Amino acid sequence: MRPRSAALRLTARGPRPSALPGHAPSASRGGELARRLALPCLLPFAPPPGTVAGRRGEGQGSAMEQGEAASSPAAEEKAAAAAGEEAEEEEDDFGYQLFPDRNKKPQSFLVRSLFTFHNRCQLMLRMTLDTNPYAQLLLEAMKQSGCTVFNDRHFSCENCDGCVSGGFDSATSQIVLCQNNIRHQSHMNRVVTHELIHAFDHCRAHVDWFKNVKHLACSEIRAANLSGDCTLMNEIARFKFGLKGHHQTCVRDRAIRSILAVRKVSKETAEKAVDEVFDACFNDLEPFGRIPHSKTDAKRAYRDFQNRDRYNANL
Amino acid sequence: QPPRSCEDYWWEWKHCRGLRHAFHHYYAHGEMPACGRWRDDYEACRAWERGRAAAAQEALCKSERARVMEKQKYAPVWTLRKSPPPDWYLPLDQDKPN
């Protein structure tokens, strides 16, 4: 495996949760264990013993990096979904093993077409980018910010390990989509929106993914808030029930889990970081301007975005 | 001309009063939405379009500016870039530092 010389900022996302909650196995190879046993990715947050940060039970991660590698400025970080973090005390295990194809030679065309879900992933991605209003708004916003997104350059469908659904690799400016874990179009829509929000933040601001937990927390709060991760239906499917203001609880919880999955920080540090930036970042609704609870909201937000010149000129 | 078209204000008002939006607002913020502002904005917009009343223009612009200020209430966590990241368009094999 290539040494951690590439700065990889990844946001791992869990797949659609299944019906059985379970506990994260405490083995350090828990990710692989979960996969082999076909354990569902809906795992409650339970840090394995001996590690500082536990894996996210649900496989929602966030984009972040930590500069642990000596030879390069940035190390890669991925949010792992299944339990079992490598108990490496010296270097942060950034979930690198969850994206094993990142630094490998690409497979041959025939192998890739026949034996992986690559084509399905590409089709679903194309469908999302063409029809989903969330994605279209984000693409337009990024274009306005100077980062035009190209399908073949900035998206990559790969096989991933564990329960990860995707990530944002800031080293290569790519959004990684896990073709083996994304099965439904709605899930693809959500993952793409989530990663595009990270990419948008990367594009418009100096986000210090590596060293600043607050920046990380902020991006993760925004992504959970605006991508539809925390809709009532999704939460019910994860067996998390609540109504009054539950959206905020969900966003907070997912942000904390993400941070803990990819950074070796204590739970208290993660919670503190999230609490400090929560108000600012929960209310930062760029580029949507509202919290889009449905495609109608997203379409409206897209319209408002397109009309923003008129809006700003006539204030 | 008004910052938004009057149909937009009307749509926002109708949407705000709907059950779906009320539910989502309660789910997200823990309280019911207040829609009177959109109605006032719509009235002001119509007055503006009809008679170009200065008071209506002022009221509408004030309301919209207040909305913008509300969004900027909190200090941003990060500094905004002035230009996009330099490696955004680099071809893939040249991206990874060695």
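The structure displayed is predicted, hence computed values, not measured ones. Here the residue numbers are simple positions, counted from 1 along each chain's written sequence. Working convention: letters from A go to chains and numbers from 1 go to ligands, in the order in which they are written. Reporting of local features is limited, given that this is a predicted model, to residues whose pLDDT is at least 70; pairs of side-chain atoms are given and counted only at 80 or more, and all residues count toward the totals for whole chains, interfaces and linings. The side-chain figures draw on all heavy atoms in the structure; neither hydrogens nor water molecules are used.

Contacts between the two partners involve 66 residues from chain A, matched on the other side by 41 residues from chain B. Where chain A abuts chain B, roughly 4700 Å² becomes buried across the two surfaces, and 57% of that area is made up of carbon and sulfur atoms. Ranking the residues of chain A by area buried against chain B places A:Arg310, A:Tyr311 and A:Leu315 at the top, with a combined share of 14%. Note on definitions: salt bridges are taken to be side-chain nitrogens of Lys or Arg within 4 Å of carboxyl oxygens of Asp or Glu. Counting every contact that joins chain A to chain B gives four salt bridges. The partner of A:Arg290 in a salt bridge is B:Glu12, with the nearest N and O atoms 2.7 Å apart. Polar contacts, as counted here, are pairs of nitrogen or oxygen atoms within 3.5 Å of one another; within protein the pair requires one atom able to donate a hydrogen and one able to accept it, and residues that are adjacent in sequence qualify only if both atoms are side-chain atoms. Summed over the shared surface of chain A and chain B, the result is 24 residue pairs in polar contact (both at pLDDT 80 or more). Residue contacts are counted whenever heavy atoms from the two residues lie within 4.5 Å of one another. Defined in terms of a 1.4 Å probe, buried area is the accessible area two parts forfeit on being brought together, summed over both.

A separate point is the environment of B:Asp40. Relative to the helices and strands, B:Asp40 resides in helix H3 (residues 36-51). Here the alpha-carbon distance between B:Asp40 and B:Ala56, two residues 16 residues apart in the chain, equals 9.8 Å. Runs of H or I in DSSP of at least four residues are treated as helices and runs of E of at least two as strands, each being numbered from the N terminus.

Membership of the largest hydrophobic core comes to 65 residues, with the highest contact counts inside it found for A:Met142, A:Phe155, A:Leu177, A:Val192, A:Leu196 and A:Ile221. A:Leu196 has contacts with A:Ala135, A:Leu138, A:Leu139, A:Met142, A:Val149, A:Phe155 and A:Ile175, leaving out every residue within four places of it along the chain. Counting 13 residues, the second largest nonpolar core, distinct from the first, contains B:Trp13, B:Cys16, B:Trp48 and B:Leu60. Think of a nonpolar core as a cluster: buried Ala, Val, Leu, Ile, Met, Phe, Trp, Tyr and Cys residues, connected wherever their side-chain atoms sit within 4.5 Å. For every residue, the accessible area obtained with a 1.4 Å probe (protein chains only) is divided by the maximum for its type, and the residue is called buried under 20%, exposed over 50%, and partly exposed between those limits.

Moving residue by residue along a regular strand, the side chains alternate between the two faces of the sheet. Residue and element names in this part refer to chain A. The side-chain alternation of strand S2 (residues 166-169) yields two buried faces, one formed by Gly166 and Phe168 and the other by Gly167 and Asp169. Two strands pair under a simple rule: DSSP has to find at least two bridges between them. Bridge count between S2 and strand S3 (residues 174-178): four bridges; the pairing is antiparallel. In the sheet register, Gly167 faces S3, and the bridge partner there is Val176. Adjacent in sequence and paired antiparallel, S2 and S3 are bridged by four residues, among which Ser173 carries a positive phi angle near 50°.

Before going further, it helps to examine the state of the cysteines. Residue and element names in this part refer to chain A. For the purposes of this analysis, a disulfide is any pair of cysteine sulfur atoms at a distance within 2.5 Å. One pass over the full model with this rule turns up seven disulfides over all chains. Each sulfur of the disulfide joining Cys218 and Cys281 lies 1.9 Å from the other. Residues Cys218 and Cys281 are joined through a disulfide that is left-handed, its torsion about the S-S bond being -105°. Of this pair, Cys218 sits in helix H7 (residues 213-226) while Cys281 sits in helix H10 (residues 267-282), and the two are 63 residues apart along the sequence. What makes Cys218 buried here is its relative accessible area of 2%. Residue classification places Cys281 among the buried positions, given a relative accessible area of 1%.

In this analysis, rings of Phe, Tyr and Trp, with Trp reduced to its six-membered ring, are considered paired at centre separations within 6.5 Å, and the interplanar angle assigns stacked below 30 degrees, edge-to-face beyond 60, and tilted for intermediate values. In the structure shown here, the tally under the stated rule is eight aromatic pairs over all chains. Members of the aromatic cluster, each reached through a chain of ring pairs, are B:Trp10, B:Trp13 and B:Tyr42. The cationic tip of A:Arg300 hangs over the ring face of B:Trp11; the distance from NZ or CZ to the ring centre is 4.1 Å. Geometrically, a charge over a ring is one whose NZ (Lys) or CZ (Arg) sits within 6 Å of the ring centre while staying within 35 degrees of the ring normal. Stacked on the ring of B:Trp38, the Lys or Arg B:Arg67 has its end atom at 3.7 Å from the ring centre.

What follows is about the sheet that holds S2(A). Residues and elements named next belong to chain A. The strand order across the open sheet formed by three strands is S1-S3-S2, and the pairing between neighbours is mixed. The sheet is open, and its two edges are formed by strand S1 (155-158) and S2, each paired on a single side. Each strand axis lies, on average, 20° off the axis of its neighbour in the sheet, ignoring direction. Helix axes are fitted to C-alpha atoms over the stretch in contact, other axes to C-alpha atoms as well, and angles between N-to-C directions run from 0 to 180 degrees. Docked against the sheet, helix H3 (residues 118-131) engages S1 and S3, running at close to 145° with respect to S1. Where helix H6 (residues 185-204) meets the sheet, its contacts fall on S1, S2 and S3, and the angle it forms with S2 comes to roughly 20°.

Exposure above 30% relative accessible area and the absence of a salt bridge qualify a residue for a patch, where like charges join within 9 Å and nonpolar side chains (Val, Leu, Ile, Met, Phe, Trp, Tyr) within 5 Å. We get accessible surface area from the Shrake-Rupley algorithm with a probe of 1.4 Å; when it comes to residues, only the shown protein chains can shield them. Nonpolar side chains collect at one region of the surface, where A:Phe109, A:Leu110, A:Val111, A:Leu114 and A:Phe115 lie side by side and expose about 590 Å² of accessible area between them. With respect to the element layout, A:Leu110 can be found in helix H2 (residues 109-115).

For the rest of this paragraph, the subject is H6(A). Taking 1.5 Å of rise per residue, the 20 residues of H6(A) would be expected to cover 28 Å, and the 28 Å separating its terminal C-alpha atoms lies within 8% of that figure. Burial within H6(A) is extensive, with 18 of its 20 residues counted as buried. Expected span of a helix: the number of residues minus one, times 1.5 Å.

All names here are of chain B. Across the interface, H3 lies against helix H4 (residues 54-71) with an axial gap of 8 Å and an inter-helix angle of 140°. Between H3 and H4, the crossing angle belongs to the class labelled oblique. Crossing hand, H3 versus H4: left-handed. Between H3 and H4, the residues in contact are Arg37, Trp38, Asp41, Ala44, Cys45, Ala47 and Trp48 and Ala56, Gln57, Leu60, Cys61, Ser63, Ala66, Arg67 and Glu70, respectively. For classification purposes, angles smaller than 35 degrees are called roughly parallel, those larger than 145 roughly antiparallel, those between 65 and 115 roughly perpendicular, and all remaining angles oblique. It is the rotation of the near helix from the far one that decides the hand of a crossing: anticlockwise by less than a right angle makes it left-handed, clockwise makes it right-handed.

What follows concerns the pattern of salt bridges. Applying the stated criterion across every chain, the model contains 25 salt bridges over all chains. In this structure, A:Asp229 engages A:Arg190 in a salt bridge whose closest nitrogen and oxygen atoms are separated by 3.2 Å. With A:Asp229 in the loop between H7 and helix H8 (232-237) and A:Arg190 in helix H6, this residue pair connects regions lying 39 residues apart in the sequence. Judged by its relative accessible area of 0%, A:Asp229 is buried. The class for A:Arg190 is buried, based on a relative accessible area of 8%. Notably, a salt bridge pairs A:Asp253 with A:Arg257, separated by 3.4 Å at the nearest N-O pair. Taken together, the positions of A:Asp253 and A:Arg257, both in helix H9 (residues 246-262) and four residues apart, correspond to about one turn of that helix. Members of the salt-bridge network, linked through shared partners, are A:Arg290, A:Asp304, B:Arg4, B:Glu12, B:Asp41, B:Glu64 and B:Arg67.

All names here are of chain A. Remark: H7 packs on H9, axes separated minimally by 9 Å, with the N-to-C direction vectors making an angle of 135°. Our classification of the angle between H7 and H9 gives oblique. Classified by chirality, the crossing of H9 by H7 is right-handed. Note on element contacts: H9 touches H7 through His247, Val251, Arg254, Ala255, Ser258, Ile259 and Val262, opposite Val213, Leu216, Ala217, Glu220, Ile221, Ala224 and Asn225. Gly falls in the polar group here, along with every residue not listed as nonpolar (Ala, Val, Leu, Ile, Met, Phe, Trp, Tyr, Cys, Pro) or charged (Asp, Glu, Lys, Arg). Of the residues assigned to the contact of H7 with H9, the class counts are nine nonpolar, three polar and two charged.

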